[in-house]
Amino acid sequence: MKSSRAKLVVAGCLLAIPAALVPAAVGWADPAGCGASNGGIESLSDGQLFTFGAGTCDTTAYGNLQVEIKHDLTLRPDPVVDHANDIGSFRIYATSTASCDNGWRTATYYGRTFFTTDTTYHDSSHRKLTVC
C-alpha cells in the first residue's frame, strides 16, 4: 500500500515539473505584431447592448478576434451576454455584436476584445445602461 502511494506522489511531482517550467507570461499577450482595441459599449434605441472591436497585424496572420459584451457583477465572475468572432488570415480584423440581456434592466456592462490565441484583454469603460 505504501509503495503505490509513493508512486502516485512521484508521478504527480513529475507531471508538475513541465508546468513549472512554462513562463508565467505565456498566453498573456497579443499575437506577435498584432494589437486589438474595443470601441466602447452602448445601448441602442431598441434597448440592445452594442460593442465593437478591431485588431491589426503588421503582416497577414491567421487569427481569431473575439468581441464580447460582459455583465459587470461585483465579487463574481462577469458572464458573457453575447460574443462575435472574426476568424481568418488578415491584417485587419473587425467585428461587433448586439444583444438583449434577459429582459429590461439597468445594470453595468462593458465590451471586451481579444485574440483568442494569446489573450490580452482590451476592455471598454464600464457603463450603467438600461437594456432589454
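Residues numbered from 1 in each chain as written. Predicted model: local features only at pLDDT ≥ 70, side-chain atom pairs only at ≥ 80, totals over all residues. Heavy atoms only, no water.

Let us now look at the environment of Thr-60. Checked against the element boundaries, Thr-60 lands in strand β2 (residues 49-71). Placed 30 residues apart in sequence, Thr-60 and Phe-90 show a C-alpha to C-alpha distance of 4.8 Å. Non-local contacts of Thr-60, meaning those with residues more than four positions away in its chain, are made with Ser-89, Phe-90 and Arg-91. (Helix = DSSP H or I, 4+ residues; strand = E, 2+ residues; numbered from the N terminus. Contact = heavy atoms within 4.5 Å.)

As a further point, take the pairing of β2. On a regular strand, one side chain projects to one face of the sheet and the next to the other, so that they alternate. In this sheet, β2 lies alongside strand β1 (residues 34-43) in antiparallel orientation, the contact comprising eight bridges. By the bridge assignment, Ser-37 is partnered in β2 with Ala-54. Relative to strand β3 (residues 80-99), β2 runs antiparallel, the two being bridged by 18 bridges. Directly across from Asn-64, in β3, lies its bridge partner Ile-87. Across seven bridges, β2 lies against strand β4 (residues 105-115) in antiparallel orientation. Each bridged residue has a counterpart across the sheet, and for Ile-69 the counterpart in β4 is Gly-111. (Pairing = 2+ DSSP bridges.)

Counted by the stated rule, this structure contains two disulfides. Between the sulfur of Cys-34 and that of Cys-57 lies a disulfide, 2.0 Å long from S to S. An S-S torsion of about 105° defines the bridge between Cys-34 and Cys-57 as right-handed. Taken together, the positions of Cys-34 in strand β1 and Cys-57 in strand β2 put the pair 23 residues apart, joining distant regions of the chain. The two residues Cys-34 and Cys-57 agree in class, both being buried. Each sulfur of the disulfide joining Cys-100 and Cys-132 lies 1.8 Å from the other. Here Cys-100 and Cys-132 share a disulfide; its torsion about the S-S bond, -75°, makes the bridge left-handed. With a gap of 32 residues between them, Cys-100 in the loop between β3 and β4 and Cys-132 in the segment after β6 (127-131) connect regions that are remote in the sequence. Taking the relative accessible area as the measure of exposure, Cys-132 reaches 8% and is therefore buried. In the protein chain, the cysteines engaged in disulfides, taken in order along the sequence, are linked 1-2, 3-4. (Disulfide = S-S within 2.5 Å. Buried < 20%, exposed > 50% of the residue type's maximum accessible area, 1.4 Å probe, protein only.)

The next point concerns the side chain of His-71. Within the element layout of this structure, His-71 appears in strand β2. When its relative accessible area of 10% is taken as the criterion, His-71 is described as buried. Apart from residues no more than four positions distant in its own chain, His-71 is found in contact with Asp-78, Pro-79, Val-81, Asp-101, Arg-105, Ala-107, Thr-108 and Tyr-109.

Of all hydrophobic cores here, the largest spans seven residues; its members are Ile-41, Leu-49, Ile-69, Ala-107, Tyr-109, Leu-129 and Val-131. Breaking this core down by element, the ones donating at least two residues are β2, β4 and β6. Within the second largest apolar cluster, six residues are counted, among which are Cys-34, Ala-36, Cys-57 and Tyr-93. (Core = buried A, V, L, I, M, F, W, Y, C linked by side-chain atoms within 4.5 Å.)

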